[in-house]
Amino acid sequence: MPTDRTILVTGGAGYIGSHTVLELLEAGHEVVAFDNLCNGSEEALHRVEQITGKSVTFLNGDIRDRKALDRLFGAHAIDAVVHFAGLKAVGESVNAPLAYYDNNVNGTVALCQAMAAAGVYKLIFSSSATVYGIEAPVPYQEAMSRGTTSNPYGTSKAMVEKVLEDLSQADERWRIGLLRYFNPIGAHPSGLIGEDPKGTPNNLMPYISQVAVGRLDQLSIFGNDYPTADGTCERDYLHVVDLSAGHVKALQCLEVPGVHAYNLGTGKGVSVLEMVKAFQRVTGQQVPYRFAPGRDGDLPAFWADPTKAERELGWQARHSLEDMMRDTWNWQSANPLGYDERNSTA
Ligand code: NAD
Ligand code: WQD
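Residues numbered from 1 in each chain as written. Chains lettered and ligands numbered in written order. Predicted model: local features only at pLDDT ≥ 70, side-chain atom pairs only at ≥ 80, totals over all residues. Heavy atoms only, no water.

Focus on the overall build of the protein chain
Where we set the bar: Put simply, DSSP H or I for four residues or longer makes a helix, DSSP E for two residues or longer makes a strand, and each gets a number counted from the N terminus. The globule rule used for comparison is 2.2 Å times the number of residues to the exponent 0.38, while the radius of gyration itself is calculated over C-alpha atoms. Remark: exposure states derive from per-residue accessible area (1.4 Å probe, protein chains only) relative to the maximum for the residue type, with buried under 20%, exposed over 50%, and partly exposed in between. The Shrake-Rupley method, run with a 1.4 Å probe sphere, supplies the accessible areas, and residue values consider only the shown protein chains as cover. The sign given to each residue is positive for Lys and Arg and negative for Asp and Glu; His and the chain ends receive no count. The atom standing in for a charge is NZ when the residue is Lys, CZ when it is Arg, CG when it is Asp and CD when it is Glu.
Check the secondary structure of the protein chain and you find 11 helices and 13 strands. Its C-alpha radius of gyration of 19 Å places the protein chain within 12% of the 20 Å reference for a compact globule of 346 residues. Scored against the burial criterion, the 346 residues of the protein chain give a buried share of 55%. Here the protein chain has roughly 14500 Å² of accessible surface; of this, 48% comes from carbon and sulfur atoms. When the 29 positive and 41 negative side-chain charges of the protein chain are each reduced to one mean point, those points stand 2 Å apart.

Describing the site of ligand 1
Inclusion rule: Distances are taken per atom, and a residue is near a molecule or strand as soon as one of its heavy atoms is within 4 Å of it. For the purposes of these results, a polar contact is taken to be a pair of N or O atoms within 3.5 Å, where, inside protein, one atom must be able to donate a hydrogen and its partner to accept one; residues adjacent in sequence count only when each atom of the pair is a side-chain atom.
Near ligand 1 lie 27 residues; those nearest to it are Ile16, Asp35, Asn39, Asn103 and Tyr153. Here an oxygen atom of ligand 1 and a side-chain polar atom of Asn39 are 2.7 Å apart. Gly40 is positioned with one of its backbone polar atoms (N or O) 3.2 Å from an oxygen atom of ligand 1. Against a free-state accessible area of 820 Å², the protein chains account for coverage of 95% of ligand 1. Where the shell around ligand 1 is concerned, the elements lending two or more residues are α1 (15–26), β5 (122–128) and α6 (152–170). Sort the elements by how many residues they give to the shell around ligand 1 and β5 lands first, with 3 residues.

A look at the nonpolar core
Soluble globular proteins: nonpolar side chains tend toward being buried together. Keep this limit in mind: By nonpolar core we mean a set of buried residues, namely Ala, Val, Leu, Ile, Met, Phe, Trp, Tyr and Cys, connected to one another through side-chain atoms within 4.5 Å. Working rule for contacts: check all heavy atoms of both residues, and any pair within 4.5 Å makes them a contact.
Of all hydrophobic cores here, the largest spans 39 residues; its most connected members are Val9, Val21, Val56 and Leu251. Of the residues forming this core, the biggest block, 6 residues, is contributed by α1. Ignoring any residue separated from it by four or fewer positions in sequence, one finds Leu251 in contact with Asp4, Ile7, Leu24, His29, Ala80, Val82 and Ile124. Counting residues in hydrophobic clusters, the runner-up holds 26 residues, among them Ile78, Val81, Leu111 and Tyr121.

Overview of the layout of surface pockets
So the rule is basically this: Cavities and pockets are found on a 1 Å grid laid over the protein atoms alone: a cavity is a set of points where a 1.4 Å probe fits but cannot escape, a pocket is an open set with protein on both sides within 12 Å along at least five of seven lines, and a lining residue has an atom within 4 Å of such a point. Grid points are joined across faces, edges and corners, and a volume is the space filled by probe spheres set on the points. Basically, the charged four are Asp, Glu, Lys and Arg, the nonpolar ten are Ala, Val, Leu, Ile, Met, Phe, Trp, Tyr, Cys and Pro, and anything else, Gly included, counts as polar.
Volume-wise, the second largest pocket comes out at about 230 Å³. Forming the walls of the second largest pocket are 15 residues, and the residues nearest its centre are Tyr237, Thr266, Lys268, Ala317 and His319. Breaking the lining of the second largest pocket down by element, the ones donating at least two residues are α10 (307–313) and α11 (321–334). Taken together, the residues of the lining of the second largest pocket sort by class into 7 nonpolar, 6 polar and 2 charged.

Observations regarding the packing of aromatic side chains
Stated precisely, the cut-off is as follows: Any two of the Phe, Tyr and Trp rings considered here, Trp counted by its six-membered ring, make a pair once their centres fall within 6.5 Å; the pair's planes then place it as stacked at under 30 degrees, edge-to-face at over 60, or tilted in between. Counted as over-ring charges are cases with an Arg CZ or a Lys NZ within 6 Å of the ring centre that also lie within 35 degrees of the ring normal.
Under the counting rule described, the total for this entry stands at 8 aromatic pairs. Ring geometry for Tyr132 against Tyr140: centres 4.8 Å apart, planes inclined by 40°, an arrangement best described as tilted. Residue Tyr132 is classed as buried on the basis of its relative accessible area of 2%. The interplanar angle of 50° and the centroid separation of 4.9 Å between the aromatic rings of Trp331 and Tyr339 together place this pair among those described as tilted. Look at Trp331 and you get buried, because its relative accessible area is 3%. It is Lys308 that lies over the ring of Tyr262; its NZ or CZ is 4.7 Å from the centre.

Section: the environment of Leu243
One can find Leu243 in helix α8 (residues 240–250). Judged by relative accessible area, Leu243 falls into the buried class, the value being 0%. With sequence-adjacent residues up to four places away left out, Leu243 is seen in contact with Ile16, Tyr181, Pro184, Leu238, Leu264 and Trp315.

A short note on the site of ligand 2
Lining the immediate surroundings of ligand 2 are 19 residues, of which Tyr153, Ser220, Arg235, Arg295 and Asp298 lie closest. Interatomic distance of 2.7 Å between a backbone N/O atom of Ser220 and a nitrogen atom of ligand 2. Separating an oxygen atom of ligand 2 from a side-chain N or O atom of Arg235 is a distance of 2.6 Å. Protein chains shield 88% of the accessible area of ligand 2, which is 680 Å² for the free molecule. Every element with two or more residues in the shell around ligand 2 is listed here: α7 (204–212) and β8 (219–222). In the shell around ligand 2, the residues fall into 10 nonpolar, 6 polar and 3 charged.

Focus: the sheet that holds β5
The condition that has to hold: DSSP-based pairing: two strands are paired if at least 2 bridges between them are found. As a rule, the C-alpha atoms of each element are fitted with a line to give its axis, helices using only the stretch in contact, and angles between N-to-C directions run from 0 to 180 degrees.
Pairing within the open sheet is parallel, and its 7 strands lie in the order β3-β2-β1-β4-β5-β6-β11. Each edge of the sheet is formed by a strand with only one pairing partner; in this case those strands are β3 (57–60) and β11 (258–264). On average, adjacent strands in this sheet sit at an angle of 20° to one another, irrespective of strand direction. As defined by bridge partners, strand β4 (residues 80–83) adjoins β5 across 3 bridges and the pair is classed as parallel. Residue pairing in the sheet places Val82 in a bridge with Ile124 of β5. Sitting on the sheet, helix α5 (residues 97–118) touches β1 (6–10), β4 and β5, and the angle it makes with β5 is about 170°.

Set out below in structure tokens:
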């Protein structure tokens, strides 16, 4: 039985949240998932139950709703919180900054207030490589300071990191993990859960898989004259199952008070063109593409130095790029319209 038995997972019905609920259940935890379903699906949690044969307590609610959080902590003996709930679309954040600061920053403040009121001081926060800012040298290392972010989404993540550091400074009971994700892609190998963005995808991998499944006509590759080997941007893509396993490992670091930041990535940059070619090779599906102008705010190339997570958490990304492509296609081909039950074949 794990030390921290019952885990509250905010945003547990979302992409990374649902995969992490699965890993937590497999590791022997009890899970309470809390999500307002603005970008998640309760069906994801039903499928997690189907895969694991274990049950999840689901509560529909908003992290900005203190009363709902107080009721939750009153009804369940929570030992630690893994906090995914938030908005994540970079472009949308430029047009609707207040929604991002409200959900991501105010929401986290409300969550921490409710945690403190309930005497729960262990928190894992979904941060992002974006907090290193636009001028950081690669590979990114945790010892680097946060840099200048280029959009309200990124700024909201950096602000939350600072809020949590100040909180830990003020009260040594807090034990906080800041997990800085690079580019999570892929799906559980069962093909039953995966990424199901609402509307047209902003991110590369779901765009590629939706072109392959016939939902979209063609991929636009944003920019081919970057200073990289083939002129397209390079990112550090990691399998969502590895990322989720990192959260289970990170619960261990909460034995030590204070704030602990970890990069979760593979340590390798892969270009957009290499991604398209790997997907075509592994799945046998064609992905028509064209080159389009670069996207505002995109950096040419960045990847993680993941050695701190390996040294301190015993965590490493284990899945290959081929695994990521195969599992993405497993999920997308079995669920062409995602969790939409009227059309899903899963
Ligand atoms: P997601 O949108 O699939 O999951 C987020 C979940 O939170 C959704 O189910 C949504 O309904 C829920 N939610 C949003 N606002 C809420 C609120 N106010 N109250 C309750 N629930 C709310 O996104 P994801 O890709 O699974 O990302 C999870 C977390 O990881 C986010 O905080 C995101 O910023 C962070 N992150 C994601 C990536 C990525 O590339 N996917 C990279 C770095 C960090
Ligand atoms: C990857 C590469 C695009 C779509 C974003 C956030 C980041 C983090 C992860 C949360 C880039 C190119 C994309 C397309 C393309 N999220 N691309 N055509 O931008 O690295 O990171 O998600 O924290 O904060 O900024 O990921 O998947 O959008 O793009 O050519 O249709 O694919 O230019 O080089 P990104 P992405």
